[in-house]
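Structural overview
Residues per chain, in single letters:
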Amino acid sequence: MPWSNQSGGGGPWGQRGGSGGKSPWGSGGPQGNGNPPDLEDILRRSQDRLKDFIPGGSMGGRGLILLVLGVVAIWLLTGFYTVRPNEVGINMIFGQYSSTSGEGLRYNYPYPIGRVIKPNVTAQQRVEVGYRSMATGQGRARDVIEESLMLTGDENIVDIDFDAVWQINPARPQDYVFNLQNPDGTIKSVAESAMREVIGRRNIQAILTTEQASIAQEVRQIMQGALDAYGAGVLINVVQLQAARPPSEVQQAFFDVNAAQQDAVRVQNEAETFASRIVPEARGEASRTIQQAEAYREQSVADASGQAARFRQVYEEYRKAPDVSRERMFLETMERVLGSVDKIIVDQKGQGVVPFLPLNQVPQSQNSPSTSPGATR
């Protein structure tokens, strides 16, 4: 409540009466004649009030000790601090690292003996290499040519833009605090160096097409190894390739070459498809021809074997009766030779009416209607 309303009219600066009460500044204060307070008078009154709290009314040895102990106690209480869940407390004594503390209420020697640094070990931070992203609504990203142009293993130039996402290593936050003066600059330099090393071992065609995922993984491993060797206290979580393309000056020529290579692959695939269809057909035809030849060979061998067997049988019969066998062979031969030709028998010695017999006309006359059994001449 206001001092003027306290019972007995006692304020912190003495008794107050009706019109003769004292203000905190004495009779010469704002409630007196309106003059500003006197600084010496204020100091004197403060010393008087302090003596009231000191035993004996003077600054003796005991009072001085109590005052010093009070100040020391208050100073020691300032050493308590709180570590949040996403932070780690790094305790230092006289500027030297002493320990690391987890989340919760912790204590360290207060300043100037002790000091506490609380870095955020869960925040994901990103370093951009080869480009700089613009703020939302300010257009596309800005290229940084001196960072993005890299030499490939087949002596081509490729334009690479990528990100490296990192965080402080929760297991070694003191390394990050004491060993890195410029974390973003150091990590960006390591990332660019690692990417140039990986790109220098690959051909441009693989970089632009099939090996981007393996490139990002290999760069992350190289970066982590280098930063661990530096004692940086940093974890590289992921490396993301944002763009991989030829330089703008040769993009059209590269696209033409790429199109030609794709046409060559297409033609080669068509040729392989045609070969996969023709070769089996040719092999099948060859197999059929071989089988036909083998069948003809078997047939010819069988015929020859049969004729040889028949000849041996005839020969055995010929040895038993040579004359009869010769006559029979002559007659059979003449039958085979003359059986399919036209024949006319001429009797040169006879004196008959018909000197010859036209045997070749006999079958025709038998088939003719005029020579039917009912006809007479």
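The following paragraphs examine the structure supplied in this document. On a predicted model such as this, the values are computed, not experimentally measured, just so you know.

Some points on the overall build of the protein
If you tally the helices and strands in the protein, you get 10 helices and 15 strands. Counting over 377 residues, the protein shows a buried share of 21%. For the protein, contacts bridging at least 24 residues in sequence account for 59% of all contacts bridging at least 6. Accessible surface computed for the protein: about 26500 Å², of which carbon and sulfur atoms make up 56%.

Looking at the pattern of salt bridges
Summed over all chains, the structure comprises 19 salt bridges. Residue Glu 285 is joined to Arg 288 by a salt bridge in which the shortest nitrogen-to-oxygen separation is 2.2 Å. With Glu 285 and Arg 288 both in helix H8 (residues 251-320), this residue pair falls 3 residues apart, about one helical turn. Of the charged contacts in the structure, one is a salt bridge between Arg 319 and Glu 316, with a shortest N-O distance of 3.0 Å.

Comments concerning the sheet that holds strand E4 (residues 89-93)
Reading across from one edge, E5-E4-E7 is the order of the 3 strands in this open sheet, with antiparallel pairing throughout. Among the strands making up the open sheet, the edge pair consists of strand E5 (96-101) and strand E7 (114-117). Each strand of the sheet is rotated relative to its neighbour by a mean of 25°, with strand direction disregarded. Examined bridge by bridge, E4 and E7 share 4 bridges and lie antiparallel to one another. Bridged to Ile 90 within E7 is Ile 117.

Quick word on unusual backbone geometry
Residue Tyr 111 is joined to Pro 112 through a cis peptide bond whose omega torsion reads 10°. Locating Pro 112 in the fold gives a position in the loop between strand E6 (104-107) and E7. Backbone geometry places Phe 94, a non-glycine residue, at a positive phi of 55°. Relative to the helices and strands, Phe 94 resides in the loop between E4 and E5.

A word on the side chain of Glu 128
Within the element layout of this structure, Glu 128 appears in strand E8 (residues 125-129). Polar side-chain contacts of Glu 128 include one of 2.8 Å to the side chain of Arg 126. Apart from residues no more than four positions distant in its own chain, Glu 128 is found in contact with Ser 133, Glu 147, Phe 162, Asp 163 and Lys 188.

Concerning the side chain of Ser 148
Structurally, Ser 148 is set in helix H3 (residues 145-148). Since its relative accessible area comes to 0%, Ser 148 is described here as buried. Separated by 2.8 Å, the side chains of Ser 148 and Asp 159 make a polar contact. If sequence neighbours within four positions are ignored, Ser 148 has contacts with Gly 130, Val 158, Asp 159, Ile 160 and Asp 161.

As for the nonpolar core
In terms of nonpolar packing, the biggest core is built from 33 residues, with Met 223 and Val 234 touching the most fellow members. Ranked by residues supplied to this core, first place goes to helix H5 (residues 183-199) with 7 residues. Discounting chain neighbours no more than four positions away, the residues touching Val 234 are Trp 166, Gln 167, Asn 169, Tyr 176, Leu 180, Ile 187, Gln 224, Leu 227 and Asp 228.

Description of the packing of H8 against helix H9 (residues 322-338)
Here H8 crosses H9 at 130°, and the two axes come no closer than 5 Å. Considering their axes alone, H8 and H9 lie oblique with respect to each other. The residues of H9 that touch H8, namely those facing Glu 317, Tyr 318, Arg 319 and Lys 320, are Pro 322, Ser 325 and Arg 326. For the contact of H8 with H9, the residue count by class is 2 nonpolar, 1 polar and 4 charged.

Thoughts on a nonpolar patch on the surface
Taken together, the side chains of Leu 64, Leu 67, Val 68, Val 71, Val 72, Leu 76, Leu 77, Phe 80, Leu 105 and Tyr 107 define a hydrophobic patch exposed on the protein surface, amounting to about 930 Å² of accessible area. If you list the elements that add at least two residues to the nonpolar patch, you get helix H2 (61-77) and E6. With 7 residues, the single largest contributor to the nonpolar patch is H2. Take Leu 77: it is sitting in helix H2.

The rules behind these values
Residue positions are given per chain, counting from 1 as you read along its sequence in written order. The model is predicted, so local features are restricted to residues of pLDDT at least 70 and side-chain atom pairs to those at 80 or more, both for listing and for counting; the totals for chains, interfaces and linings are taken over all residues. Only hydrogens and water are removed before side-chain values are computed, so all heavy atoms of the structure are retained for them. Helical segments are the DSSP runs of H or I of at least four residues, strand segments are the runs of E of at least two, and each set is numbered from the N terminus. The classification of residues rests on relative accessible area computed with a 1.4 Å probe and restricted to protein chains. Under 20% of the type maximum is buried, over 50% is exposed, and intermediate values are partly exposed. It only takes one pair of heavy atoms within 4.5 Å for two residues to be counted as in contact. The Shrake-Rupley method, run with a 1.4 Å probe, gives the accessible areas here. Residue values count only the displayed protein chains as cover. A carboxyl oxygen of Asp or Glu within 4 Å of a side-chain nitrogen of Lys or Arg is what we treat as a salt bridge. For two strands to be treated as a pair, DSSP must find at least two bridges joining them. Convention adopted: a line fitted to C-alpha atoms gives each axis, helices being fitted over their contacting stretch, and angles between N-to-C directions are expressed from 0 to 180 degrees. Definition of a polar contact: a pair of N or O atoms within 3.5 Å, with one able to donate and the other able to accept a hydrogen when the atoms are protein atoms, and with sequence-neighbouring residues admitted only if both atoms are side-chain atoms. Side-chain atoms within 4.5 Å link the members of a nonpolar core, which is a set of buried Ala, Val, Leu, Ile, Met, Phe, Trp, Tyr and Cys residues. Oblique is the label for any angle not under 35 degrees, not over 145, and not in the 65 to 115 range, which are roughly parallel, roughly antiparallel and roughly perpendicular in turn. Charged means Asp, Glu, Lys or Arg here, nonpolar means Ala, Val, Leu, Ile, Met, Phe, Trp, Tyr, Cys or Pro, and polar covers whatever is left, Gly included. Two joining distances apply to patches: 9 Å for like charges and 5 Å for nonpolar side chains (Val, Leu, Ile, Met, Phe, Trp, Tyr), and every residue must have over 30% relative accessible area and no salt bridge.

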